[in-house]
Amino acid sequence: MAISSDSSKQPLITKTLIKCMSCDYSIERDFQEGDFVPKLVGTCPKDGGKLYIAGIYAIKLQPQQAKR
Ligand SMILES: [Zn+2]
């Protein structure tokens, strides 16, 4: 059980990948509560197509980025 406390030393941020249904437009933003695949999240700025959430994933923060 002591192992679980060690994992908190590695900060994770969750990202959401959004894609357009009708063209190759895609954008990545921070995960927001309520996000899921394949939720519709708006319209494409390029061609007005529907944007949907294509993926949700966690990435590790690098120590250098955490320092200010
Ligand atoms: Zn589009």
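Note that the coordinates shown come from a computational prediction; the quantities given were computed from them, not determined experimentally.

K.L.:
Explain the sheet that holds strand β4 (residues 50-60) to me, and be specific about the residues and the numbers.
P.N.:
Judged by pairing direction, the sheet is antiparallel, and its four strands sit side by side in the order β2-β1-β4-β3 without closing on themselves. Each edge of the sheet is formed by a strand with only one pairing partner; in this case those strands are β2 (26-30) and β3 (40-43). Strand-to-strand twist across the sheet, computed as the mean angle between neighbouring axes with direction ignored, equals 35 degrees. The pairing of strand β1 (residues 12-20) with β2 spans five bridges and is antiparallel. The residue bridging L17 from the neighbouring strand is E28, located in β2.

K.L.:
I'd like a description of the pairing of β1, backed by residues and values.
P.N.:
Side chains on a regular strand alternate between the two faces of the sheet. Two elements, β1 and β4, share nine bridges in a ladder whose sense is antiparallel. Pairing of I13 across the sheet is with I59, part of β4. Hairpin remark: β1 followed by β2, antiparallel, with five residues in the connecting loop.

Thresholds applied
- Position numbers for residues start from 1 in each chain and track the written sequence from start to end.
- Local features are withheld for residues below a pLDDT of 70 in this predicted model, meaning they are given only at 70 or higher, and side-chain atom pairs are given and counted only at 80 or more; totals for whole chains, interfaces and linings count all residues.
- Strand pairing requires that DSSP identify at least two bridges connecting the strands.
- Here a helix means four or more residues in a row that DSSP labels H or I, a strand means two or more in a row labelled E, and each is numbered from the N terminus.
- The axes are straight lines fitted to the C-alpha atoms, using for helices just the contacting stretch, and the angles between their N-to-C directions are given from 0 to 180°.

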